[in-house]
Structures are given as structure tokens and as C-alpha cells.
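Structure assessment
Take a look at the letters that make up each chain.
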Amino acid sequence: MPSTSPGRGSACPPPYRVRRPKEPDEPAHKIERVAFTTSRLAEYCSEKELVAQTGHESLDWPRVIIKELIDNAIDACEEVEIAPVVKVTITTGKRGKPIRIVVADNGPGIPSATVSGIIDYNVRISSREAYISPTRGRQGNALKTILPMSFLLGGKVKGETWIESRGRKHRLIFSVNAIKQEPIVRNISSRSRVGTGTRVTMFWPDCCEAPIVAAEIAELLTQFVVVNPHLAFRFVMDGKSVIDWSASNPDWTKYRACDATSAHWYSLEQFERYAGALIDRDQVDKSRKKITVREFAAQFRGMSATERQKQVVHELNASHLSLCRFFGSETSVNHQRMEKLLRLLQRHTRPVRPELLGVIGEEHFRKLCISVGGEPKSFKYFISPGHAEGRPYIVEIVTCAYKKWVSGKDERRARYLVTGVNFSATLENPFNTFRGMEGMDEILTDLRADSGAPVIVAVHYASPHIEYLDRGKSRIGLE
């Protein structure tokens, strides 16, 4: 039989290709796109949004919580002229159970009405936002950002915070409306034994995403002690005392949040913002008498004298005139009149001396340096007061070598750096990125005090107006 395989000289037939039937084109499918409305409150309802708002990753949230609560506690005590006594207690408990973070103070206590304002996410309530003053915080949303944190990270007790003061306990349970992406906070009120001060308890999930590191918390709390001579402080971790510090100067004072602000600290834009906030308050509360130009002028430092108030309104031709009418309208501010008022207030008052902001002082720093192993003979203290654009500032710097290193007994010591701004601790070094200048690390390296040097360095900066370059308050825009 002849072979069916092709011979050498024969041509191979082309391979057979199966042609698939052509599929008919699908008809054009159109949908009607809807313009969805997204609530601005969603920024409190996801980890990503909350990181953007606070400026700190979730790993830092335990420190953020403690810092904000301590800031509030010290401010509250100062406003009623009480030397602050703050206790931080952290209980990790058994695995699988939530960690308890408790911050207690001896202040006047948070009123129930304020708690109601905290859980209302439709508004931002702050007694400092429109003022220019050397305060520890101004945004008015610290507690609003703290409440969602444990909920967003999960755990068995999700989003639960207790606020106890004035004999009442507010059990705040945070959750999220999954459809609207808006916060929901239940406030379960009951009696409490806490009659003096405020005690805030936050239940933190026992998760590795944001662990409680005792050394990091202790370092943060030490910064508060360093920049507040009137502060008595105790830190207890799982029943063991980590920090127990008595105030070095209980009578020490600084410029408080409740002290009159100075006209010299305002730009025209900030001055109009302050006036606008007062006008808006009067319009919201119809029962309140409208503030007059004279009453507005009386709120500034140096304007408490009746004769001086009369002189200012006389020069303005604004006697008995409400601030609202003087200001202009909702759509058009009378910038010329507002600028004239600002200049008159500045002319009739004196600039604030930098020392009045608050001087921590050499003795307090010396005591602290010795307590952590510093050599007294190597202790150096520098203070630099001044004015910039009409605003006072004061910088205090301390250096001190370790005693064991000086004596040659320990050469493994590294630099211990403490930074503070307006008498509050910092989560990061805020002086590392000066605008148009080299940062602190470069300066310290030039001075042979780099990160490996066996030296204690403390730097504190106070000013009525701090320009932060990020939302996490970790970079200051100094010229």
C-alpha cells in the first residue's frame, strides 16, 4: 500500500483551523449615573480617613490618645488655678481581653453638657479655636477623633469609652452607620463615684496592629513632666509604678487659655475670624444679648479699664454699636473698620513680654537632669526670649552629660532628647524641619551632641501662635 505520510519532496497541506462562529455584538448598555452624596462625617469612620485627620498612623494612636487626654486635663486644672495632678493607668489584662487606658485628673470635671457636645459629630466645639493664645491645643476635635479609634481597630469591646465626672458616668459606645458612613454614639448615663476631677477610661483592643509599648508611653509622659513644673504625675502599668513624680514647683504659673488674648498677636484675618466667631455665637443663641464693639474690645489684654474702652469706641464713632453691625454683613466684611479697630487696640495696649508666656526655669530642668543620671557640673541652661512679627516667643535649651559617662564608668550611653511646644509633649521632634534652616539634628551634630552622644538635651518653645506644617503637629514652620 502506498504510504500516506508525505514524502520529502511533497508539500504539507496547511493545518486545518476551526473557525469559531462570530458572536453578535452586544447592544450598548447604558446606566444612569447617580450623583452620590457622601457625608463629611465619613472622615471619622475609617482608619485611612482618621490617619489623614490626626496625622498619625494607627500604630501611634495609643500615644495620641494619652497625649490629648493629658493636654485636656492640665488645661482644665490651670483654668481654675489648681496645680494639676494626673494619673495614667494602663491594664493589659489577660490575652483576648481589651486593654484599659485610664487618665484621671483633679480638675473641675467635665460637665454633662460638654460630653453631649463631644459626641455630636455635626459640629466642632472649641473654646480656643478662634483665639490666638499659647495653648496646648486649638482645633476642638481631639476627643471626637479619639472615640472612633478602638472601634476601627476591632476587638471584643469595640469603641467603648467611659467619661466620669461630677458624680456621673457616661458610657460612650461608638459605631458607624454602614449605609450613610456616619458616626453613631450611644451615651448611657449612670451614677459614678468620681466627684472630683475627670476620669476617662478607654478600652483598647488587644491587637498587634497598635500595641501598648510601656517604654514609649513612659517617654511621652516624661516629656509632660519636663515642661510642666507644677505637674504631679503618676504612671502605673499592670499594677507597677513606672513614674511617680511630685511637682517641683506647684505654684508655677504660665499664660493660661482663659487669660485675655493680646491684640498684638493677631493678623487682620485672624482678628476678623475671632469677631466672626463671637457674632455667630450670638446669632445661634437668640437669648444672648448681642456683643457690642466696646465689649469686644474689653476682651483683649490691657483693655479692662473703662476709660480706655470708651476712648477706643469714641475714636471709632462706635458707641453702643453692636459688633455685628460694625463688622459688616455675612457676605461683605468691612475690612477698613476692622483694621482700624485692630490698630487702635494695638496702640492702646502694650505688647506682652515673652517671660509672661511661662518660663520653665533652670532649677526645674536641673532637678530632672540629675534624676535621670545627669552630671550636675556639666549642666547648662540657655534661655532666649524675643519677638517675631509682634508675637513673643521664648526658647529654653538644656544640655547635661551623663554622670557615669563623665566618670568613665559607662560609655554606652546615647543621647536623650526631650522636646516640648507650649508646655505639651511632642510625639515626634518638631524642630527637625525649619523653613529655610537646617534642622535640630544637624545643629546638634555640629555641636557634637548627635544621637550617639552621652548627653541629655531638652528644648522647649512657647509662642501664642504655632504654625504647624502638618496635621500631626510634628513639624513647625519656623523661619
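Residues numbered from 1 in each chain as written. Predicted model: local features only at pLDDT ≥ 70, side-chain atom pairs only at ≥ 80, totals over all residues. Heavy atoms only, no water.

Digging into the sheet that holds strand β12 (residues 424-425)
Going by this rule: What makes two strands pair is DSSP finding at least two bridges between them. The secondary structure listing takes helices from DSSP runs of H or I that are at least 4 residues long and strands from runs of E that are at least 2 residues long, numbered from the N terminus.
The 5 strands are arranged β9-β10-β13-β11-β12 in an open sheet whose pairing can be described as mixed. Edge strands, defined here as strands with exactly one partner in the open sheet, are β9 (380-388) and β12. Bridging between strand β11 (residues 416-421) and β12 involves 2 bridges; their strand directions are antiparallel. Along β12, the bridge assignment pairs Val421 with Ser424.

Concerning the pattern of salt bridges
Here is the rule we go by: Criterion for a salt bridge: a side-chain nitrogen of Lys or Arg within 4 Å of a carboxyl oxygen of Asp or Glu.
Per the counting criterion, the structure on display carries 15 salt bridges. For Asp282, the salt bridge is made with Arg281, and the minimal N-O distance between the two is 3.3 Å. Several salt bridges converge on common partners, so that one network encompasses Asp75, Glu78, Arg136 and Lys254.

Examining the packing of aromatic side chains
Convention followed: For Phe, Tyr and Trp, where Trp contributes only its six-membered ring, two rings pair if their centres lie within 6.5 Å, and the inter-plane angle classes them as stacked under 30 degrees, edge-to-face over 60, or tilted in between. Exposure categories follow from relative accessible area, calculated using a 1.4 Å probe and restricted to protein chains: below 20% of the type maximum is buried, above 50% is exposed, and the middle band is partly exposed.
Throughout the structure, instances matching the rule amount to 17 aromatic pairs. Ring centres of Tyr131 and Tyr274 lie 4.8 Å apart, and the angle between their planes is 50°; on these two criteria the pair is classed as tilted. Linking Tyr131 in the loop between α3 (112-118) and α4 (142-146) with Tyr274 in helix α7 (residues 268-284), this pair joins segments that are 143 residues apart in sequence. Each ring, one from Phe151 and one from Phe174, has its centre 5.7 Å from the other, and the planes form 65°; the classification is edge-to-face. Separated by 23 residues along the polypeptide, Phe151 in helix α5 (residues 149-153) and Phe174 in strand β4 (residues 168-177) bring together distant segments of the chain. Take Phe151: its relative accessible area is 19%, and that puts it in the buried class.

Remarks on the pairing of strand β1 (residues 85-91)
In this structure, β1 lies alongside strand β7 (residues 232-237), joined through 6 bridges in parallel fashion. Bridging from a neighbouring strand, Val86 pairs with Phe233 of β7. Note that β1 and strand β2 (residues 99-104) share 5 bridges and pair antiparallel. In the sheet register, Ile90 faces β2, and the bridge partner there is Ile101.

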